[in-house]
Structures are given as C-alpha cells and as structure tokens.
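Observations on chain architecture
Residue-level listing of the chains:
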Amino acid sequence: MRKLLTHLIIFFTFFYQLNAQVATSFKTEKSFYVYGDAMVIGNNSLSKEKNTSFNESSIANDDIPMTFVDVDNDDSTFNSSSSYIQLTENQNNIVYAALYWTATYSYIKGERRSQSGQHFFSGKRQKNRSLIKNIKLKLPNQSYQTITGTVIFDGYKKSGFHLNSPYACYADVTSLLQNAEEKNGEITVANIHATEGFVAGGSSAGWMLYIVYEAPTEQPKYITTFNGFAHVGTEPVVINLKDFKSPEQGEINTNLTLATLEGDADITEDECIIANPNLKTAIRLSTTNRQEKNFFNSSIDSNIKRFPDSKNTLGFDIARLEVPKNKEIVIDNNTDNVELLFNTKEDRFYLFFTAFETEISKTFFNEIEANLPEKATVIKSTTKEEVKPKVVEEKIEIKAETKIKSTVVNNEVKAENVVLKRPEVIQNKTAQNSLSPKVATSGYQQQQIKQSNVIISSSTYVEALKIKEKPLETQQFKLVLEKNAAEIDGAKKGYYVITKFFSSPQNAFNWQKDLKEKGYNSDFLIDEKNKLYYVYIFHTENFYDAYMQHKSYLEQNLFKDNWVFKVNMTDF
C-alpha cells in the first residue's frame, strides 16, 4: 500500500486512449504530379428496397431492415449496384484506378426484438472473414471478373468494433481499366458482404472507384490518395497534406474526395474542416447537399450517375467538392501544407478514404523529381515519364489535440468560429490536493439526493429516458458500446458507473465514506497495474442498464460527473 502512495499524478484518457480511434493509421496510397484530373464513381450496396431508390431522410439506419441492393438480374450475384464513367476523348488516358468497398458485417443476417421499449439484437456471427476481400467487378460491355483486394481494416476481432464489425478493402484495378476496350459506360460491383436485417447502430455498405487521368490542363496538379480506417466519434481526426507547392500567383483550384461509412442523414453535428496552420485560417466545408454541421449525411454527390440513385444511401458517403475560394483563403499562393480535420459531436462515422487534388507551381512540378516523396509518380505530359516510388511507405501523422487547438480553437480562425471537440484527458487533481471527508452541498441538494436514489433496471428505464426524450438506440449508445474495454486484472467484466477515481487509496476511502454517510452504497474497482482506485455505484454486464443508471444520476449534483466505464468486455 505504501508503494502505491508514491504514484501521485496519473493521466487517464476518458473511456479509451486516442490511438483507439484510428484503427488503421492513414497513409499515402498513391501520389501523382500530373497534367490531369480525377473523378470518382460508386454506389451503396444495402438499402430498404432491392432495386428502388430510397429518398426518405428522417428514418434512422437502425430502424430499417436492410436488404441487399441487386440490379443485375444475375443469379451468380447476391447483391449488385451500378455507376457510370464518362470521360471525353482527350481525358481517357487513365493513369490510376483504385476500387474500394466497405460494410458493416457482424451477422450474416441480424434480427431485432423489442421488449418494454428496449431493443435486443441477435444473429449468426460471420466468422469466415476471408470472404470480405473478394468481390465481383463488371466493366462496360464485359462480364463479371473476381477481384481479390487488400483488407485495410476488419473490426471483427477488435473489441471496440466487434459490435457491428466494420471493414474496408481496396484493389488497384489500373491495368483492368487501361486495357478495357470500352472505358465509358456502366460499371457494376457485386457480392459485397454485409449484414442484412438489423444490427445495433444500423448496417451499411458501398463501393467507390477513384480514377486519375491525364488531361490538357493549364496547370499541373498534385493528386494524392490516402486510405486507413478512423472511427470519428469523440475525438477529431487530422490528416496533414504536404509535398506540394501552390502556384506563385492567381487563384488555386483544389478539390477533395472523401468516403466514409456509417454517417446518418438524420443526426447532425459532424463536420469536415480544411485549415492552413501557417496562415491560421480554416473553412468548415459544405456543398449544396451537405450542410456544414451535417457534412456526412448518407449521400453520394449528385454529379455521380448511378443505379439505383438513392438520395439517402443509408450510412455510405462519397463526397467530391471544390475548396471554396471566395471565403477566408486557406490555400494561398506558395502554400505548401494544409490540414484536413474531421469531427463530430453527436454522430459517428468511419473515415476510410481521402483524396486531395490541387494545382501546383510549374516550377515545383519541373523540379519535384529531384526530391520525390515516397509512393509518388511524375507524369510529364504525353511522354508519361514515370519515376518509380521509393520502397518506404509514408506515414501520415495524426496530430495531437494541442495542434488542433492552436490551429483552430484559440480564436485564431479568421473565417469562422470553428470549435473542435478535443479528447478529454482527466488529470487526477485530487491526488495533488487532499480531499475533505465532507462534501459541501446545500440543503436543497441533499434533499434531492435522498429523493432521487432510484436504481434503474431494464423494466423501469423508459421513464428515466424521457428526461431528454430520445429513442433508446441513440448515438451515445453506439459510441460507448464501441469503445475499447479497459483490461484490469482480477476485475469482474461489465459496465461500471464511476463516481470518481483516485491515485491515492486514502482519498478513495474518504470519498466512499462520504457516499455511505449520504446513504449510497459503493465499492472499489482497483487497477493495480496503473495504480488507480475507482469508486463505483453500479455494476452490470448489461450496458443499457448501466447507461440508464448513469443517466439518472446526472440529475443529481453529487454525481454530475459520473461516467460509464467498460472493463474486460469482449462480447456485447
């Protein structure tokens, strides 16, 4: 015990560590310095109907029994959807094509039953994960061919993602498109494995094809693609864009292509921001169909022709947009780095693809071969002079919250009042200052505490939920359910409603004594490895009960900072 008292200052990340958010770090997949441009097509693979467009935006993904989209009238496929390529004659020299597909795939087919307002999900788990990397691709006027891709991420064996088991894969299909007799026309992608029916948080699936091609543009361009898998939930994700230099004069045309899984149309407060750390400017991005505060809204940009052409693609997003030039300037002349920031306050989504396309200086273009970045290619007009990429992969830095704050938060953003929600890091200040054995509360607060000591169970939680009048399956449930569980030796698995935690055992004892004097039973959860003492007032293996208990205590001043802690949980 004396040894434990020497650990006076402990830092703890609320619920889970920052690196749990980025399941697979974003890295450069390909970069091009080229006179040319890029395009993207794609479609969703799960919807409410088999081959009818779905346009209702007020229904949450959770409440729809998902079925496979299937438009090809081919018995060899179990799902299929189409999109169309249209390149002009002077733009059909394809230099790169990458096919991505993604889905949630926990059950083969999930079922949902309701009891007293609570939803229960069940289904046969799909343990054969080798299935996810194989799909079928049909190019214009061709038959299907099997594509075997690379798995970017599979959440099935990850405790923080096991509930709906999202995955993402990609395949380089450049040679297939280059050698195709007909490049323009309908492209169909089939047999993307996903969960039909119901799954907690809703099921979704889709595919996208990103193409880079040569074109007689006035300025050369830097086109770079990234892939990875980031759960954007409680913490922002930042991608640094570098290895370019914008023209010395004139306006700069810049485009972005983004693809995500699991964004909901009816849940807001998610955003995409582009920022210049040197100019200290930032723009919260939007388009005609994407609001600043609901950017990832289950849609595919309208300029992409597809079948079916659902307005609500139920958790699958493809966004292609031009960075505005009429607002606060983010990409100025001679700019050589910017940042993309992804953030949400209510929704959650999985980011798996980003592409950045910007005009660059001709001088920079002519000199880049002397210092070529990893995985980059220079294409000099029709000569297609190619420089082979270096062997070492480039790692894209996911910056810490302090960088986000200095760039965007401290009133340094001139364009708009952009506020990012940063990871909440709790420092154990109680260990530095002795805790009084008494907790100062007013007589009214004490009276409320005595009257509100109600244990919420599965049979009574509905009444407590009326405090905020939200349905049971809210994004808060999803966010906590998918957090990585803490591993504490010897602790009972389950969900704990924590009132406070300490690095000093004496302070923990004093706090527990205060709770007992006020009529509250509590217990210790001891993390011997990290020398932490948690005082909890409720424990269960049912998350819904723990959440509702937590919710009821929030109304009491004594427990206004209580939170749910997931420990040693591998199943849901």
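A few points on the structure. This one's a predicted model, so the numbers in the text were calculated from it and none came from an experiment.

**Topic: the overall build of the protein chain**
If you tally the helices and strands in the protein chain, you get 8 helices and 31 strands. Relative to its 572 residues, the protein chain shows a buried fraction of 57%. Restricting the contact set of the protein chain to residue pairs at least 6 apart, pairs at least 24 apart contribute 80%. Of the roughly 24,500 Å² of accessible surface on the protein chain, a fraction of 45% belongs to carbon and sulfur atoms.

**Considerations on the pattern of salt bridges**
In total, this model carries 13 salt bridges according to the counting rule given. Put simply, E271 and R284 hold a salt bridge, and the shortest N to O gap is 2.8 Å. With E271 in strand β20 (residues 270–276) and R284 in strand β21 (residues 281–284), this residue pair connects regions lying 13 residues apart in the sequence. Judged by its relative accessible area of 0%, E271 falls in the buried class. Judged by relative accessible area, which is 7%, R284 ranks as buried. One salt bridge in this structure joins K380 and E369, with 2.9 Å as the shortest N-O distance.

**Here we look at the nonpolar core**
The biggest cluster of nonpolar side chains holds 66 residues, and the ones touching the most others in it are W101 and L209. Broken down by element, the residue count for this core peaks at 9 residues, all from strand β7 (residues 93–104). With 37 residues, the next largest nonpolar core counts L258, I274, I331 and F365 among its residues.

**Regarding helix α7 (residues 505–517)**
Think of an α-helix as 3.6 residues a turn; residues three or four steps apart then line up on the same face. Along its 13 residues, α7 runs 19 Å from first to last C-alpha, staying within 8% of the 18 Å computed at 1.5 Å per residue. Among the residues making up α7, those that are buried are P505, N507, A508, N510, W511, Q512, D514 and L515. Where the residues of α7 are buried, they touch β28 (494–502), β29 (523–527) and β30 (532–540). Once α7 finishes, G519 follows within two positions and takes phi at roughly 90°, a positive value.

**A few points about the sheet that holds strand β10 (residues 134–138)**
Read across the open sheet, the 5 strands follow the order β11-β10-β14-β6-β22; overall the sheet is antiparallel. For this open sheet the edge positions go to β11 (145–148) and β22 (306–307), each flanked by a neighbour on one side alone.

**Focus: the pairing of strand β16 (residues 205–214)**
Of all 10 residues that make up β16, 10 are buried, and the element is covered over most of its length. The alternating pattern of β16 places A205, W207, L209, I211 and Y213 on one face and G206, M208, Y210, V212 and E214 on the opposite face, and all of these are buried. Bridge count between strand β3 (residues 36–44) and β16: 9 bridges; the pairing is antiparallel. In the sheet register, D37 faces β16, and the bridge partner there is Y213. The pairing of β7 with β16 spans 10 bridges and is antiparallel. Paired with N93 across the strands is E214, a residue of β16.

**Structural notes on the sheet that holds strand β13 (residues 166–172)**
The strand order β3-β16-β7-β13-β12 describes an open sheet built from 5 strands, whose pairing is antiparallel. Two strands lie at the open edges of the sheet, namely β3 and β12 (150–154), each paired on one side alone. Ignoring which end each strand starts from, the neighbouring axes of this sheet average 15° apart. Note that β12 and β13 share 4 bridges and pair antiparallel. Across the sheet, residue D154 finds its bridge partner in β13, namely Y167.

**Focus on the pairing of β30**
The buried fraction of β30 is high, at 8 of 9 residues. Here β28 runs beside β30; their pairing, made up of 7 bridges, is antiparallel. Directly across from Y495, in β30, lies its bridge partner T540. Inspection of the sheet shows β29 paired to β30 by 5 bridges, in the antiparallel sense.

**Some words on the packing of aromatic side chains**
Both the distance between ring centres and the angle between the ring planes are used here to describe each pair of aromatic rings. Taken as a whole and judged by the stated rule, the model has 30 aromatic pairs. Taken together, a centroid distance of 5.3 Å and an interplanar angle of 80° make the contact between Y35 and F365 edge-to-face. Remark: F365 occurs in helix α2 (residues 362–367) and Y35 occurs in the loop between β2 (22–34) and β3; sequence separation between them is 330 residues. Classification of Y35 by relative accessible area gives partly exposed; the value is 22%. Aromatic pair Y534 and W563: ring centres 6.4 Å apart, planes at 75°, arrangement edge-to-face. Linking Y534 in strand β30 with W563 in strand β31 (residues 563–567), this pair joins segments that are 29 residues apart in sequence. Both residues of the pair, Y534 and W563, count as buried. Members of the aromatic cluster, joined through ring pairs, are Y33, Y222, F244, F356 and F364. The ring of Y144 has K138 lying over it, and the distance from NZ or CZ to the ring centre is 4.5 Å. Sitting above the plane of the W511 ring, K500 keeps its charged end 4.9 Å from the centroid.

**Some remarks on the side chain of S246**
Turning to its location among the elements, S246 is positioned in the loop between β18 (237–241) and β19 (254–263). On the basis of relative accessibility, which here comes to 0%, the residue S246 falls in the buried class. In terms of polar contacts, S246 uses its side chain to reach the backbone carbonyl oxygen of D332, at 2.6 Å. Within the structure, S246 has its side chain in polar contact with the backbone nitrogen of T335 (distance 2.8 Å).

Conventions we followed
Residues numbered from 1 in each chain as written. Predicted model: local features only at pLDDT ≥ 70, side-chain atom pairs only at ≥ 80, totals over all residues. Heavy atoms only, no water. Helix = DSSP H or I, 4+ residues; strand = E, 2+ residues; numbered from the N terminus. Buried < 20%, exposed > 50% of the residue type's maximum accessible area, 1.4 Å probe, protein only. Contact = heavy atoms within 4.5 Å. Areas by Shrake-Rupley, 256 points an atom, 1.4 Å probe, with all protein chains shown as cover. Salt bridge = Lys/Arg side-chain N within 4 Å of Asp/Glu carboxyl O. Core = buried A, V, L, I, M, F, W, Y, C linked by side-chain atoms within 4.5 Å. Expected span 1.5 Å × (residues − 1). Pairing = 2+ DSSP bridges. Axes fitted to C-alpha atoms, helices over the stretch in contact; angles between N-to-C directions. Phe/Tyr/Trp six-rings, centres within 6.5 Å; stacked < 30°, edge-to-face > 60°. Lys NZ or Arg CZ within 6 Å of the ring centre and 35° of its normal. Polar contact = N/O pair within 3.5 Å; in protein donor to acceptor, adjacent residues only side chain to side chain.

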